[in-house]
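The lines below spell out each chain.
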Amino acid sequence: MTRVFNFSPGPATLPEPVLRQAAQEMLDWRGSGMSVMEMSHRGKEFMSIHAEAEATLRELLAIPANYKVLFMQGGAIGENAIVPMNLIGRTGRADYVLTGDWSKKSYKEARNFGTVNVAATAESSKFTAIPEQAAWKLDPGASYVHICSNETIGGVQFHWTPDTAGVPLVADMSSDILSRALDVSKYGLIYAGAQKNMGPSGLTVVIVREDLLGHALPVTPSAFNYKTQAENDSMYNTPPTYAIYIMGLVLQHVKATGGMPAVEEHNRAKARLLYDFLDGSSFYRNPVAKEDRSLMNVPFWLKDAALDEAFLKGAQARGMIQLKGHRSVGGMRASIYNAMPTEGVQALVQYMKEFESQHG
Ligand SMILES: *Cc1c(COP(=O)(O)O)cnc(C)c1O
């Protein structure tokens, strides 16, 4: 068996011990005589898996008791509609901060459900920086303020928490949840697709403050109504059971390897390795403002785009895959989520050095 270093932006690499455990438990989960995939979501076996996954997530992120944790489907793109359907009804208005492709997508979708204001946008810098808080035009009557904490395509990340003066802060954390310590109490709602840093696709995690429930627009489908899901422990409809099980294993793995402080330290060290190399090179370029660079997704461009194909081919031959940048921006992108080992980033930097000396 050979495992590659997988730099995919998502679905993404998972911790090998988790995959091994899942393989071992595939046919018979802990003496139950069945696979997790075959279990009733209301049976005692799966209920215990579900409860443990939630409890571990609560423990790792220190989620306060007045927040509900929901396991849903529809992904972050689904949440782009589900969030306004559930939250905008309080005042009919919402603020969006645009920092790249994903927050722009969220903003466009929200416009179907109320009056949506762009509180700040980094479009003029081609989304290479987070707009500073002083320049935001916040509406005190907004139902919420929406941000994307880490722009997976552009590689910009919030390294501070906005102050929204009491208006609930909503964050799409799909690509950086569980990558660093987090003060959940500063947010009204956090959502994330699992497939970047927490597990397989098909599962969306929503962490929502209880007082924000109960304002859903009448059009909200019942399966996407947070209050309905909260009242039914995310079992109003059949939840993505296998994805919840794998996420539970990932969370246990994070806990066993030191929890959030250790994960954050590991991620900072990996990102530093790559950015330090990029900054010392005139062959490769990363355009993002230093203070706003993502620890998770590192886009970079070669001096000459004609070399892109050769770069990717050479990487593949060395067991490094999925380094091609998003089709909308070109270039390269290394996604270095929690499960990417330091050795993967070291191998990448070593290869980049060699490629530069051959083609620079
Ligand atoms: C991947 C991603 C999405 C899209 O998630 P889906 O699961 O395809 O809906 C949305 N937002 C961010 C920040 C992402 O990284």
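Residues numbered from 1 in each chain as written. Predicted model: local features only at pLDDT ≥ 70, side-chain atom pairs only at ≥ 80, totals over all residues. Heavy atoms only, no water.

What follows concerns the overall build of the protein chain. Across its full length, the protein chain holds 9 helices and 14 strands. The C-alpha atoms of the protein chain give 21 Å as radius of gyration, which agrees with the globular expectation for 360 residues (21 Å, within 12%). Each principal axis of the C-alpha distribution contributes one length, and for the protein chain these read about 60 × 55 × 30 Å. The buried share of the protein chain, reckoned over its 360 residues, is 54%. Excluding contacts between residues fewer than 6 apart, the proportion of contacts in the protein chain whose partners are at least 24 apart in sequence is 67%. (Helix = DSSP H or I, 4+ residues; strand = E, 2+ residues; numbered from the N terminus. Rg over C-alpha atoms; globule rule 2.2 N^0.38 Å. Buried < 20%, exposed > 50% of the residue type's maximum accessible area, 1.4 Å probe, protein only. Contact = heavy atoms within 4.5 Å.)

Here we take up the nonpolar core. Side chains of a nonpolar character, in soluble globular proteins, are inclined to be buried together. Residues L61, L178, I207 and Y245 are the most contacted members of the largest nonpolar core, which totals 55 residues. With 10 residues, helix α6 (residues 241–256) is the single largest residue contributor to this core. Among all residues touching L178, those that are not within four sequence positions of it are L57, L60, L61, N197, M198, L251, V254, M260, V263 and N338. (Core = buried A, V, L, I, M, F, W, Y, C linked by side-chain atoms within 4.5 Å.)

The next subject is unusual backbone geometry. Omega for the bond connecting G10 with P11 falls within 30 degrees of zero, at -10°, which places this linkage in the cis form. Its location among the elements puts P11 in the loop between β1 (5–6) and α1 (16–24). If you check the backbone angles, K126 has positive phi at about 55° while not being a glycine. Turning to its location among the elements, K126 is positioned in the loop between β4 (115–121) and β5 (145–148). Accessibility expressed as a relative area gives 73% for K126, which makes it exposed. Although it is not a glycine, A165 adopts a positive phi angle of roughly 50°. You can see A165 is positioned in the loop between β7 (156–157) and β8 (169–172).

Attention now moves to the UniProt feature "modified residue: N6-(pyridoxal phosphate)lysine" (unreviewed entry) in the protein chain. The sites that carry the UniProt feature "modified residue: N6-(pyridoxal phosphate)lysine" (unreviewed entry) are, in the present numbering, K196. Along the chain, the position of K196 falls in the loop between β9 (189–193) and β10 (204–209). By relative accessible area, K196 is classed as buried at 12%. Those residues in contact with K196, other than ones at most four positions away along the chain, are P9, G10, A12, S174, S175 and Y337. (UniProt positions renumbered as here; feature names shortened; annotations may be inferred.)

Once that is clear, we can look at a nonpolar patch on the surface. A cluster of nonpolar side chains, contributed by M26, L27 and M37, occupies part of the molecular surface with about 330 Å² of accessible area. Here M26 lies in the loop between α1 and α2 (44–60). Residue class for M26 comes out partly exposed when judged on its relative accessible area of 32%. (Patch = residues over 30% accessible without salt bridge, like charges linked within 9 Å, V, L, I, M, F, W, Y side chains within 5 Å. Areas by Shrake-Rupley, 256 points an atom, 1.4 Å probe, with all protein chains shown as cover. Salt bridge = Lys/Arg side-chain N within 4 Å of Asp/Glu carboxyl O.)

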